[in-house]
Amino acid sequence: MDLPTFNRQWRVARRPLDGEPVGDHNFDLVSSPMPVPEEGEILVQVILLGTSPAQRSYITGGVGMHSKLGIGDPMRGRGLGIVRHSRHPAYREGEIVIGSLGWQDYALLRPDGTTGTIFDIYKVDNPVWPLRLHLGTLGAAGMTAYFGLTKVGQVQPGDTVLVSAAAGGVGSAAVQIARALGGRVIGIAGSDDKCAWLRDTLKADASINYRSADLAGRLRELAPDGINVYFDNVGGTILNTVLDHLALRARVIICGLIATDYAPGERYGPPNYTRLLRYRSRMEGFFVQDHAAEFPVAERQLRAWYDQGVLLPIEDPSQGLETMPAALGSLFAGGNRGVRLCQVAPDPSPG
Ligand SMILES: NC(=O)c1ccc[n+]([C@@H]2O[C@H](COP(=O)([O-])OP(=O)(O)OC[C@H]3O[C@@H](n4cnc5c(N)ncnc54)[C@H](OP(=O)(O)O)[C@@H]3O)[C@@H](O)[C@H]2O)c1
């Protein structure tokens, strides 16, 4: 295949101020000559990029496990691509790979498996089509929901499970997986449309619009015996309110903090944390990559639920590399339903 002579790449241009939405103004789209692989390297055409609210912290240096990027640095991000040129013995042209590809059309990579986490490059041996499933419901979003609910939340049949940002990527998977595990599921989302969709399409038992409802009142009505498991994607005041409605020996899964903007700065704990003592409950954070050794098990389980129709794939792609900053910004405005991805290039044809 003839490759273009130039590669487009988003680079960090300006850091967002506290509370300021992230978008095009924070990045520059720069063209530079197409890199040429040396011995041990591969050139990957990016097909899809994932988004995550935590990507905001890559440029602000807020909460997160990654170092802060400098002005002018290429923007980092996980994606899926196809090997177009290989000078690495373990990779062949046409193979599908997932890893830290960055916000660009082509990524030059030196696969060495050094970190042992999802940030390493790995091959997708039996691709499922459309390929976006691998970054969405069967990929990081589904895995995050799966490990949070099974390892941290230890959901048992009959548990009342509450999920925040339930109509988002991780949240929509968490709602469906919690049901598959036998939970009674309540989803929290930011609009009546999303709430109806949670009940009608994802089969949540109930939903709450946090923007219009009295959250505490609705929790009293819907969970009079308390919440057994809270899958928290947002933090902030929603977390604080939910803490006041925990059941005895409840598990609070700290998955994400979007309500805090992923901004740096001083933080205060939620005052209602005292309920943890009174109700012998625990609150625990986790990173999906902590469970890398069990990814194959999770993949098989997610695939089985998908094949049985228990787990609907909910992906919400934007189109074109140029839409990537807006795709990230939309997460903070509730503009997505399901996993927000960016389709950078069309899926190659299967086989
Ligand atoms: N721990 C891990 O290993 C891990 C891995 C992946 C992702 N995460 C975290 O998991 C969470 C979900 O990630 P995702 O990629 O699937 O994003 P997402 O949930 O699809 O997108 C964010 C959603 O959050 C809601 N939201 C935005 N601002 C909010 C606010 N101030 N208060 C309440 N809700 C708000 C919006 O929906 P509404 O319309 O409902 O407001 C929006 O659609 C994120 O916090 C992410 O950082 C953690």
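About the criteria used
Residues numbered from 1 in each chain as written. Predicted model: local features only at pLDDT ≥ 70, side-chain atom pairs only at ≥ 80, totals over all residues. Heavy atoms only, no water. Helix = DSSP H or I, 4+ residues; strand = E, 2+ residues; numbered from the N terminus. Rg over C-alpha atoms; globule rule 2.2 N^0.38 Å. Buried < 20%, exposed > 50% of the residue type's maximum accessible area, 1.4 Å probe, protein only. Contact = heavy atoms within 4.5 Å. Domains from an automatic or database assignment. Expected span 1.5 Å × (residues − 1). Pairing = 2+ DSSP bridges. Axes fitted to C-alpha atoms, helices over the stretch in contact; angles between N-to-C directions.

Draft legend 1. Inspection of the overall build of the protein chain at higher detail. Across its full length, the protein chain carries 9 helices and 15 strands. Computed over its C-alpha atoms, the radius of gyration of the protein chain comes to 20 Å, within 12% of the 20 Å expected for a compact globule of 351 residues. Dimensions of the protein chain, computed from the C-alpha atoms along their principal axes, are close to 65 × 45 × 35 Å. For the protein chain, buried positions account for 54% of its 351 residues. Counting only contacts in the protein chain whose residues sit at least 6 apart along the sequence, the fraction spanning at least 24 positions is 69%.

Draft legend 2. Spatial organisation of the environment of Leu-133. Considering the arrangement of structural elements, one finds Leu-133 in the loop between strand 7 (122-123) and helix 2 (140-152). Residue class for Leu-133 comes out buried when judged on its relative accessible area of 1%. Once the C-alpha coordinates of Leu-133 and Glu-315 are considered, the two residues, 182 residues apart in sequence, prove to be 7.6 Å apart. Filtering out sequence-adjacent residues up to four positions away, Leu-133 remains in contact with Val-128, Leu-138, Gly-139, Tyr-306, Pro-313 and Glu-315.

Draft legend 3. View of the domain arrangement of the protein chain. Under the domain assignment, the protein chain is made up of domain 1 (6-136 + 313-343) and domain 2 (140-289). Centre-to-centre, using C-alpha coordinates, domain 1 lies 28 Å away from domain 2.

Draft legend 4. Summary view of helix 3 (residues 169-180). The end-to-end C-alpha distance of helix 3 is 17 Å, a good match for the 16 Å that 12 residues give at a rise of 1.5 Å each. For helix 3, the buried fraction is high: 9 of the 12 residues fall into the buried class. For helix 3, the set of buried residues is Gly-169, Gly-171, Ser-172, Ala-173, Ala-174, Val-175, Gln-176, Ile-177 and Ala-178. Backbone geometry just after helix 3 places Gly-182 at a positive phi near 95 degrees.

Draft legend 5. Here's a closer look at the sheet that holds strand 10 (residues 206-209). One open sheet holds the 6 strands; their spatial order is 10-9-8-11-12-13, and the pairing between them is parallel. Only two strands of the sheet have a single partner each, and these edge strands are strand 10 and strand 13 (282-285). The average angle at which neighbouring strand axes cross in this sheet is 15 degrees, direction not considered. Relative to strand 9 (residues 184-189), strand 8 (residues 160-163) runs parallel, the two sharing 4 bridges. Paired with Leu-162 across the bridge in strand 9 is Ile-186.

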